[in-house]
Amino acid sequence: MFTTVLIANRGEIAVRAIRTLKKMGITSVAVYSDTDRYAQHVLDADLAVSLEGIKPSDTYLSIEKLIAAAKHTGAQAIFPGYGFLSESADFARACEDNQIAFMGPTAQQILEFGLKHRARELAAAAEVPMTPGTGLLQSLEEALVAADQIGYPIMLKSTAGGGGIGLTRCDDAQALHLAYESVKRMGEQFFKDSGVFLERFIDQARHVEVQIFGDGQGQVVALGERDCSLQRRNQKVVEETPAPHLPEATRQKLHQAAVQLGQLVKYRSAGTVEFIYDAARDEFYFLEVNTRLQVEHPVTEMVTGLDLIECMLKVAAGETLDWAFLANIQPKGVAVEVRIYAEDPVKNFQPSPGILTDVYFPKNVRVDTWVSTGTEISQYFDPMIAKIIVHAQNREAALSTLKTALAETRLNGISTNLDYALSVVSDSRFENMQIWTRMLDNFNYIPNVIEVIQAGTQSSIQDYPGRVGYWDIGVPPSGPMDDYAFQLANKIVGNAQTAAGFEFTLEGPTLKFHAQSIIALTGAPCCVSLDGTAVDFWQPIEVKAGQTLKVGQVESGCRTYLAVRDGLNVPEYLGSRSTFALGNFGGHAGRVLRAGDMIKMVN
């Protein structure tokens, strides 16, 4: 077995790998970009090497730097994780050339399965069910002829890459004509390969994948399947195992098809064979092979009791696994995973970099994460910050545990998809497994937030009685300047006396309410309008979802207050939710409001 292993990755998968290495008594080597200098995987590792750069292209995507780091630290193996260079045949080959074990498939396997048209050829040779499609197309004219033979709608696909890039549905010849050159350009731009091919589109399809594991000598086993149908922009949101509502005979055929494909190429290490499942016909078709550990591998670990990274280590070291045990392992219970991203659902899921001012995950579920209170989310890397995984005896119990876990999780300071994820898993269609890969395209999500369009002057969040009793450690009292007017605003909307609300100084903000609420304005009078209609102070006002409140300049006095029914959902700090801007804590992100902030309301 190896004594030292380098982890060529970051984030939760690097933290997870270090945990496995420590358990096995193996020295772990972390690598990091300048922005990750104090990241969790760097703090946890036995050794850490700077890649001297910020952007992925200068750090985690630099084969030269990674190989140099491995040699410098005496690492005998490299764990690639997922993303970055995990599916790079060049990286796998560079490891081999430098006598460093690559903890993954062979370079040839990565290369062949990375080209989707070649993967289809291999799947056909292994007699895996295939959707009607083509090989690489040489011209638009050839594509149009083939599409007529296959029948619309069809999918035009780039042969290289993944993540939904270069994946376009075409409902007729005109759509194919318009998309052809565009998809070729995307393939060339993102993957330096402009090859494209066609596949028949399966309407309301489910995405079911099989976890395989091989020794590189022809021994391949299936470790169960996962349903990953809930996707947004072709990126998975929720994954679970076993796949619900899947006939047992079909399940066994899926496993066998995946094993046959793995055996054909003598697959090495962990991999995933992905299928499109047509539930209406109870038929499945080959989609692609991911030649790496998947983001969703924890659900497989939860029901099998395996540590897949440990298995990868042993195979890479040439050790013999108990293949008879693996081939006959019986998954126990149900496991479900939700991916948590630093993305803003209100702003079309754009990344939301910044500092997490308050982080809490429940203790009774598995959480793979790299963040904690104070972690800075960089703009340069994938915005996934955690995976929340639950395991129970049956699906009903698993979903109940998952919803509770998501509701108890706190992630403050930036926008995340946490509430969106809770809404998705609470949808009756998911609970009843009436789902397909495009279901979330039209998912009706109502964010319970107030969006700051314009911030005004020194607008902040306060509560009563505020932060008191900390003068002895240099923290002056915080809270509303006019606490009487602040308390009256809360009383008008029926809130508890301690509920957090807004304080505006001299000139107020413009706020958009994304969910309905009841509000009240008190304190210094000013001109206030709701969608252009003037509203009064000192009385309850009904606000509908989508309406915009504009608070103007005060006419006398200094501070105006706005209470929202049930209060604002910001974390406590030193016993209060009040903003102390000079100390950079309290309120929202420890500062006054800025345009673009999303202020959560209490559910």
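So, here's what we can say about the structure.

Criteria and cut-off values
- Residues numbered from 1 in each chain as written.
- Predicted model: local features only at pLDDT ≥ 70, side-chain atom pairs only at ≥ 80, totals over all residues.
- Heavy atoms only, no water.
- Helix = DSSP H or I, 4+ residues; strand = E, 2+ residues; numbered from the N terminus.
- Rg over C-alpha atoms; globule rule 2.2 N^0.38 Å.
- Areas by Shrake-Rupley, 256 points an atom, 1.4 Å probe, with all protein chains shown as cover.
- Lys, Arg positive; Asp, Glu negative; His and termini not counted.
- Charge placed at Lys NZ, Arg CZ, Asp CG, Glu CD.
- Axes fitted to C-alpha atoms, helices over the stretch in contact; angles between N-to-C directions.
- Parallel < 35°, antiparallel > 145°, perpendicular 65-115°, else oblique.
- Left-handed = near helix turned anticlockwise from the far one by under 90°.
- Contact = heavy atoms within 4.5 Å.
- Nonpolar A, V, L, I, M, F, W, Y, C, P; charged D, E, K, R; others polar.
- Patch = residues over 30% accessible without salt bridge, like charges linked within 9 Å, V, L, I, M, F, W, Y side chains within 5 Å.
- Salt bridge = Lys/Arg side-chain N within 4 Å of Asp/Glu carboxyl O.
- Buried < 20%, exposed > 50% of the residue type's maximum accessible area, 1.4 Å probe, protein only.

A few words now on the overall build of the protein chain. On a plain count of helices and strands, the protein chain comes out with 16 helices and 33 strands. Over its C-alpha trace the protein chain gives a radius of gyration of 27 Å, about what one expects of a compact globule, namely 25 Å for 603 residues. Along the first, second and third principal axes, the C-alpha atoms of the protein chain reach 80 × 55 × 45 Å. When the accessible area of the protein chain is evaluated, it comes to approximately 25100 Å², of which 48% is carbon and sulfur surface. Side-chain charges in the protein chain split into 53 positive and 70 negative, and the spacing between the mean points of these groups amounts to 1 Å.

Time to look at the packing of helix H3 (residues 63-73) against helix H4 (residues 89-97). The N-to-C vectors of H3 and H4 enclose an angle of 30 degrees; their axes lie 11 Å apart at closest approach. As summarised for this structure, H3 and H4 are arranged roughly parallel, according to the angle between their axes. Crossing handedness for the pair H3 and H4: right-handed. Of the residues in H4, those touching H3 at Ile63, Leu66 and Ile67 are Asp90, Phe91, Ala94 and Cys95. Here the residues of the contact of H3 with H4 sort into 6 nonpolar, no polar and 1 charged.

As a further point, take unusual backbone geometry. Threonine 241 connects to proline 242 through a cis peptide bond whose omega is -5 degrees. Tracing the backbone through its elements, the reader meets proline 242 in the loop between strand E11 (235-241) and helix H9 (248-264). Here the residue pair tyrosine 464 and proline 465 is connected by a cis peptide bond, since its omega of 5 degrees sits within 30 degrees of zero. You can see proline 465 is positioned in the loop between strand E24 (460-462) and helix H16 (483-492). The phi torsion at asparagine 348 lies on the positive side, around 60 degrees, for a residue other than glycine. Mapped onto the secondary structure, asparagine 348 falls in the loop between strand E15 (343-344) and strand E16 (350-351). Of note, the phi angle at phenylalanine 349 is positive, near 65 degrees, even though the residue is not glycine. By the secondary structure assignment, phenylalanine 349 is in the loop between E15 and E16.

On to a nonpolar patch on the surface. Residues Ile473, Tyr573 and Leu574 make up a contiguous nonpolar surface patch of roughly 270 Å² in combined accessible area. Within the secondary structure, leucine 574 sits in the loop between strand E32 (559-564) and strand E33 (598-600). Its relative accessible area of 30% is what places leucine 574 among the partly exposed residues.

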